[in-house]
Amino acid sequence: MRVVFLGAPGVGKGTQADRVVEAFKIAKISTGDLLRGAVRNQTKLGLEAKEYMDQGKLVPDSVVIGLVREKLNEAGCASGFVLDGFPRTTPQADELGQALGEKRMPLDRVVNFEVPREAIVRRLSGRRSCPKCQATFHVDFSPPKQDGVCDRCGELLVQRSDDRREAIETRLKVYEEQTALLIRYYEDKRLLTHLDASEAVDAVFAKLMKVLEPYRAT
Ligand code: AP5
């Protein structure tokens, strides 16, 4: 199964991608996670990306496309993948189509997660992330068992630097200006499914499973 999760920051793409990866035993390609990894490791790419990410702006297409092409070539992606946070611009979507065409691995579905803006802001401002294993929590909706500590690996949780109010506003604006047009892009390709993702995590996952089940074997 090869799917793209599309939607504004904070709609729950990453949370659902983790569950889908577990349920379908496929790979997860999250450009946000890959970029944050590069920032942590202080690579040249990471240092360049950090400036954009902290402000809530998109990292240049050339950088992100290179990262995704590399990932798609890894053996783990042969049995399927979920792309979380990529593509985010029309050039990225075109490049993805080309890369998958070369591999004869077309996309099965693009799921567009929809959540009202006020709920998005609440989800992002309450998010806490594990800098070590990338697990994600929410102070109200999915708190860790021990306050401020990752359930999975015991690391201290942090608030992402782009989950501050000003950066959230920029990210939502950037989404409207540069990413929302991909809804039409994939509608035209008859690949898009809209998903109301405003309910609780389990309820959203149940609906998502119904959308993705037909592609389990592809
Ligand atoms: P990225 O990491 O991709 O961030 P994003 O798209 O802004 O998405 P988020 O991770 O913020 O949200 P999400 O939808 O995954 O929600 P989550 O599941 O975490 O990108 C970060 C930056 O990297 C970008 O700003 C850009 O600079 C750069 N970048 C990345 N990809 C790029 C690209 N392709 N091109 C250029 N630049 C790129 O959930 C959010 C919170 O809500 C959590 O606390 C969670 O616990 C909670 N939650 C989730 N679901 C529910 C629910 N159903 N009910 C209640 N709470 C919920």
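See the structure above.
Residues numbered from 1 in each chain as written. Predicted model: local features only at pLDDT ≥ 70, side-chain atom pairs only at ≥ 80, totals over all residues. Heavy atoms only, no water.

Engineer: Honestly, the sheet that holds strand 3 (residues 81–84) in this entry has me stumped. Any pointers?
Structural biologist: Backbone-to-backbone hydrogen bonds join strands into a sheet, with any given pair of strands oriented parallel or antiparallel. Pairing is parallel across the open sheet formed by five strands, whose spatial order is 2-3-1-4-7. Two strands in the sheet have a free side with no partner beyond their single neighbour: strand 2 (27–30) and strand 7 (192–196). Each strand axis lies, on average, 20° off the axis of its neighbour in the sheet, ignoring direction. Across four bridges, strand 1 (residues 2–6) lies against strand 3 in parallel orientation. When the bridges of strand 3 are listed, Arg2 appears paired with Phe81. (Pairing = 2+ DSSP bridges. Helix = DSSP H or I, 4+ residues; strand = E, 2+ residues; numbered from the N terminus. Axes fitted to C-alpha atoms, helices over the stretch in contact; angles between N-to-C directions.)

Engineer: Please clarify how the packing of helix 2 (residues 31–40) against helix 4 (residues 61–72) should be interpreted in this entry.
Structural biologist: The contact between helix 2 and helix 4 brings their axes to 11 Å, and the two run at 105°. Between helix 2 and helix 4, the angle falls in the class roughly perpendicular. Here helix 2 contributes Thr31, Leu34 and Leu35 to the contact with helix 4, which in turn contributes Val64, Leu67, Val68 and Lys71. Class assignment for the residues of the contact of helix 2 with helix 4 results in five nonpolar, one polar and one charged. (Parallel < 35°, antiparallel > 145°, perpendicular 65-115°, else oblique. Contact = heavy atoms within 4.5 Å. Nonpolar A, V, L, I, M, F, W, Y, C, P; charged D, E, K, R; others polar.)

Engineer: I keep staring at the layout of surface pockets and nothing clicks. Help me out?
Structural biologist: Unfilled space is identified by rolling a water-sized probe across the atoms. What the second largest pocket holds in volume is close to 150 Å³. For the second largest pocket, the full set of lining residues is Ala8, Val11, Asn112, Phe113, Glu114, Val115, Arg117, Ile120, Leu172, Tyr175, Glu176 and Ile183. Within the residue set of the lining of the second largest pocket, elements represented by two or more residues are strand 4 (109–114), helix 6 (117–125) and helix 7 (165–179). Class assignment of the residues belonging to the lining of the second largest pocket gives a composition of eight nonpolar, one polar and three charged. (1 Å grid on protein atoms, 1.4 Å probe; cavity = no way out; pocket = protein on both sides within 12 Å on 5 of 7 lines; lining within 4 Å. Points joined across faces, edges and corners; volume = space filled by probe spheres on them.)

Engineer: What's the story with the pattern of salt bridges in this structure? I'm lost.
Structural biologist: In this structure the tally under the stated criterion is 20 salt bridges. Between Arg160 and Asp162 there is a salt bridge whose closest N-O contact spans 3.0 Å. Residue class for Arg160 comes out buried when judged on its relative accessible area of 17%. We classify Asp162 as buried; its relative accessible area is 9%. Salt-bridge contacts for Arg184 lead to Asp188; the nearest nitrogen and oxygen are separated by 3.2 Å. With Arg184 and Asp188 both in helix 8 (residues 181–188) and four residues apart, the pair spans about one turn of that helix. (Salt bridge = Lys/Arg side-chain N within 4 Å of Asp/Glu carboxyl O. Buried < 20%, exposed > 50% of the residue type's maximum accessible area, 1.4 Å probe, protein only.)

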